[in-house]
Amino acid sequence: MNRKTAAILSAVFLFFLYISCAKSPKVPTPESMQAVPIVPEIDDDIFPAGLRESIGASVEKLSRVGNSPLVFGKKTVSSADYALALGHLLARLEEGVTKDDFIKEVKENFNFYGFPGKFWGGVFITSYFSPMLSASRNKTSEHTHPLYRVPYDLVRIRMDRFIKRFERLSFFEENRVAKQKFQSLYGRVSAGNPDRVSELIPYYSRSEIDSGGRLMGKGLEIAWVDPVDAFFLHIQGSGKIRFADGEELVVGYAAQNGHDYVAIGKFLFEWITKEKMSLWAIESHLRSLPYSERMEILYRNPSYIFFRKLPGKPETSFGTEVVEGRTIATDDAFFPKGSLVFMEFQRPVFETGLSVEPSRWNPVSRFVVNHDSGGAIKGARRVDLFWGEGKDASRHAGVMKNWGRFFYLVPKEKFLLKLRKKNDGQGPGG
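Keep in mind it's a predicted model, so treat the numbers as computed, not measured. (Residues numbered from 1 in each chain as written. Predicted model: local features only at pLDDT ≥ 70, side-chain atom pairs only at ≥ 80, totals over all residues. Heavy atoms only, no water.)

## Brief notes about the sheet that holds strand β7 (residues 145-148)
Strands sit in the order β7-β11-β6-β12-β13-β14 across an open sheet of six strands; the sheet is mixed. Since the sheet does not close on itself, it has two edges, and those belong to β7 and β14 (305-310), each with one partner. The mean inter-strand angle of the sheet, taken between neighbouring strand axes irrespective of direction, is 45°. Where strand β12 (residues 238-242) lies against strand β13 (residues 248-256), five bridges are found, and the strand directions are antiparallel. Bridge pairing in β13 links Gly-239 to Val-251. Against the sheet, helix α9 (residues 227-236) touches β6 (132-136), β7, β11 (221-225), β12, β13 and β14, its axis set at about 25° to β7. (Pairing = 2+ DSSP bridges. Helix = DSSP H or I, 4+ residues; strand = E, 2+ residues; numbered from the N terminus. Axes fitted to C-alpha atoms, helices over the stretch in contact; angles between N-to-C directions. Contact = heavy atoms within 4.5 Å.)

Right, dumping it as structure tokens:
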């Protein structure tokens, strides 16, 4: 056994020793999701834009994974059956179904699932977007921070691939959140010596990477950008960069350093009120500060993202392309990827094209598809909506921070039986 393997196995042992004493998280638990007693009023404010693309991506992905389960509380649907149900909706969209008829199909053939509480399906809704950044191939006075590829010394530990028996511990059997959360650990192997076993230790933090230059000179730089732009690209997870000669490059999430995400907004209440807190307000304040003070605030978030070049649009954690106004990010421990969702939320309305604060909020609702995840999107009461690309999308996404309602669509058994007979082995949408 080499030193690196020994270090990893040692880390696994200590990790499970730690979590065996951990307390169960507070409710709601994933198991508490259930069918709603009253189906909400249904509408879709942007129908049919983007719906065919997002549902089609789910059908394609879910059809490939066979009978993997999609779990909605105590209800389980195989990915093949869910793809079959979505395939029917996709076929209707391709036929040019009207909005009213589409809504009728959904209400007749799907149950609505959500978490109970003060009001059913209550979630806090934020939004993300795909930024466009000015970039350089080399460090300049303006472009001082690199976007890095995945470092060679970043180690990911997949717990399920090391010690299978831990999956049978009652702690995991009773707690799906804990099982999902602790599937992976990230770190690096410390430099040992011939007489001592190396250790797996936490990977470098944001300040160690950016201020300490831990990754400099290793050929990992994709491009160089403004430090504030870099920080917000880390939060969004993907975006487009443009070089001075006009060449554009799409970059997306590849890995993370393993540190918990910390929202820096909570350190700015002395300057920005809670009501005025937005991406625009945070960015404006950061750019008003001297460099050292600005970076001190940015370093409060130790989480760091590594990127990869993408051939087309930014991709989700589900492996699909993002779809404007339709893609959402949720916590994988609570919500199954690839599923269709009905969401109600407040949409910001701006007085002019230059306004950065909304003049009012309009209540809207629409169908969205759960394809993404994010470091700050944790628990049953959080969801992030992908707004789109560019400045206008950032203006809308930057102010989204309101409560709404959120329901998963689960196909009824009689609907699935009908589809199975109709398709008779032809596959989803056949």
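## Comments concerning the sheet that holds strand β9 (residues 184-189)
The strand order across the open sheet formed by three strands is β8-β9-β10, and the pairing between neighbours is antiparallel. Only two strands of the sheet have a single neighbouring strand rather than two, namely β8 (155-158) and β10 (200-201). Relative to β10, β9 runs antiparallel, the two sharing two bridges. Note that in β10 the partner of Val-189 across the bridge is Leu-200.

## Concerning helix α11 (residues 291-298)
For α11, the complete set of buried residues consists of Arg-294, Met-295, Ile-297 and Leu-298. The arc that holds every buried residue of α11, seen down its axis, measures 155°, which confines them to one face. Exposed side chains of α11 directed beyond 90 degrees from the buried face belong to Ser-292 and Glu-296. On its buried face, α11 sits against β7, α8 (206-210), α9 and α10 (279-288). (Buried < 20%, exposed > 50% of the residue type's maximum accessible area, 1.4 Å probe, protein only. Arc of directions from axis to C-beta.)

## Observations regarding the pairing of strand β2 (residues 69-72)
Burial along β2 is one-sided: the face carrying Leu-70 and Phe-72 is buried and the face carrying Pro-69 and Val-71 is not. Two elements, β2 and strand β3 (residues 75-78), share four bridges in a ladder whose sense is antiparallel. Residue pairing for β3: Pro-69 is matched across the bridge by Ser-78. Connecting β2 to the next strand, β3, in antiparallel fashion are two residues, including Gly-73 with a positive phi near 65°.

## Observations concerning empty space enclosed by the protein
Applying the stated criterion across every chain yields a total of three cavities of 30 Å³ or more. Only β7, α8, α9 and α11 provide two or more residues apiece to the lining of the second largest cavity. For the lining of the second largest cavity, the class distribution of residues is seven nonpolar, two polar and two charged. (1 Å grid on protein atoms, 1.4 Å probe; cavity = no way out; pocket = protein on both sides within 12 Å on 5 of 7 lines; lining within 4 Å. Points joined across faces, edges and corners; volume = space filled by probe spheres on them. Nonpolar A, V, L, I, M, F, W, Y, C, P; charged D, E, K, R; others polar.)

## A closer look at the confidence of the model for the protein chain
Summing up the model confidence of the protein chain, the mean pLDDT is 86 and the portion of residues at 70 or higher is 86%. Note that pLDDT drops below 50 for residues 1-26; the model gives that stretch 39 contacts with residues more than four away or on any other chain. (pLDDT = per-residue confidence, 0-100.)

## What about the side chain of Gln-256?
In this fold, Gln-256 is placed in strand β13. In this structure Gln-256 comes out as buried when scored by relative accessible area, which is 14%. A polar side-chain atom of Gln-256 sits 2.6 Å from the main-chain carbonyl oxygen of His-259. One polar contact links Gln-256 to Ser-303, side chain to side chain, over a distance of 2.8 Å. (Polar contact = N/O pair within 3.5 Å; in protein donor to acceptor, adjacent residues only side chain to side chain.)

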